[in-house]
Amino acid sequence: MANFNWQKLAASVLFTVGIGSLGGIFTISEIPGWYAGLQKPSFNPPNWVFGPVWSTLYLMMGISLYLVWKKPRSVMRNVALLLFMIQFLLNFFWSILFFNQHLIGAALLEIVLMWLFILLTIVWFARLSKTAAWLLVPYLCWVSFATVLTAAIWKLNH
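Residues numbered from 1 in each chain as written. Predicted model: local features only at pLDDT ≥ 70, side-chain atom pairs only at ≥ 80, totals over all residues. Heavy atoms only, no water.

Participant: So what exactly am I meant to see when it comes to the side chain of Ser-64 here?
Facilitator: You can see Ser-64 is positioned in helix H3 (residues 47-69). Look past the residues within four positions of Ser-64 in its chain and what remains in contact with it is Phe-125, Ala-132, Leu-135 and Leu-136. (Helix = DSSP H or I, 4+ residues; strand = E, 2+ residues; numbered from the N terminus. Contact = heavy atoms within 4.5 Å.)

Right under this line is the structure:
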């Protein structure tokens with residue numbers, strides 16, 4: 001607890017939950033119209049599942065980010081943080097591509113790239129904090145599912 005930093009923890013969680021919630025702006029308005037009209041696979045979860053899952057994942061991402069950010073400055077830490085920011089930006093823009101722009105194929109390509117950057121982030125985070133890396137594993141699993149779901153929606157609506 002000697003290097004615990006409330007400010008960095010709060011900033012990390014507010015960043016991930018806050019920016020993650022902004023992505024919801026592009027999502028919510030499209031659910032009753034455009035998204036409801038799409039053909040979806042049988043394994044598509046009910047809409048109410050997505051909010052709690054993403055909220056939990058963003059919280060875990062924030063804690064993970066904090067555990068790496070609080071480490072002493074180093075090239076390794078900076079690369080890990082850069083990878084985190086890249087995957088997080090990809091996460092944010094997926095909602096715009098899929099829900100706002102209705103570009104399902106582009107969203108599919110983008111989510112595959114996001115998945116790769118999440119995996120890279122986990123690998124680099126593990127070098128600095130095993131806990132930080134493990135906190136991102138449920139996120140990788142959910143994005144794996146979201147990738148399959150996006151591919152199925154693209155195939156059904158292409």
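We are not done yet, so read on.
Participant: Any chance you could explain the side chain of Ser-12 here in plain terms?
Facilitator: On the secondary structure map, Ser-12 appears in helix H1 (residues 6-28). Filtering out sequence-adjacent residues up to four positions away, Ser-12 remains in contact with Gly-62, Leu-65, Tyr-66 and Trp-69.

Participant: I tried to follow the nonpolar core on my own but got confused; where do I start?
Facilitator: Soluble globular proteins tend to bury their nonpolar side chains together. In terms of nonpolar packing, the biggest core is built from 42 residues, with Phe-98, Met-114, Phe-125 and Tyr-139 touching the most fellow members. Among the elements of the structure, H1, H3, helix H4 (75-100), helix H5 (104-128), helix H6 (130-135) and helix H7 (137-157) are those that each provide at least two residues to this core. Among the elements that take part in this core, H5 stands out by supplying 10 residues, more than any other. Ignoring anything within four residues of it in the chain, the contact list for Met-114 reads Gln-87, Leu-90, Asn-91, Trp-94, Tyr-139 and Val-143. (Core = buried A, V, L, I, M, F, W, Y, C linked by side-chain atoms within 4.5 Å. Buried < 20%, exposed > 50% of the residue type's maximum accessible area, 1.4 Å probe, protein only.)

Participant: Explain H7 to me, please; I cannot follow it from the model alone.
Facilitator: Three- or four-residue spacings in an α-helix give side chains the same orientation, since the helix completes a turn every 3.6 residues. Taking 1.5 Å as the rise per residue, H7 with 21 residues should run 30 Å; its terminal C-alpha atoms sit 30 Å apart, in good agreement. Looking only at H7, the buried set comprises Tyr-139, Leu-140, Trp-142, Val-143, Ala-146, Thr-147, Leu-149, Thr-150, Ala-152 and Ile-153. (Expected span 1.5 Å × (residues − 1).)

Participant: Please explain the packing of aromatic side chains as it appears in this structure.
Facilitator: Each aromatic ring pair is characterised by the separation of its centres together with the angle its planes make. Tallied over the full model, the rule gives 19 aromatic pairs. Relative to Trp-6, the ring of Phe-4 lies with its centre 4.7 Å away and its plane at 85 degrees, an arrangement referred to as edge-to-face. Residue classification places Phe-4 among the partly exposed residues on the basis of a relative accessible area of 30%. Between the aromatic rings of Trp-34 and Phe-99, the centroid separation amounts to 6.3 Å while the plane-to-plane angle is 80 degrees, which identifies the pairing as edge-to-face. Here the residue Trp-34 occupies a position in helix H2 (residues 31-35), and Phe-99 occupies one in helix H4, the gap between them amounting to 65 residues. The buried category is assigned to Phe-99, whose relative accessible area is 8%. Each member of the aromatic cluster is reached from another via a ring pair, and the members are Phe-15, Trp-54, Tyr-58, Phe-84, Phe-88, Phe-125 and Tyr-139. Of note, Arg-127 hangs over the ring of Trp-124, and the distance from its end group to the ring centre comes to 4.3 Å. (Phe/Tyr/Trp six-rings, centres within 6.5 Å; stacked < 30°, edge-to-face > 60°. Lys NZ or Arg CZ within 6 Å of the ring centre and 35° of its normal.)

Participant: Would you mind showing me how to read the environment of Leu-22 here?
Facilitator: Tracing the backbone shows Leu-22 in helix H1. Residue classification places Leu-22 among the partly exposed residues on the basis of a relative accessible area of 39%. Considering only alpha carbons, one finds Leu-22 and Phe-92, 70 residues apart in sequence, at a separation of 8.0 Å.

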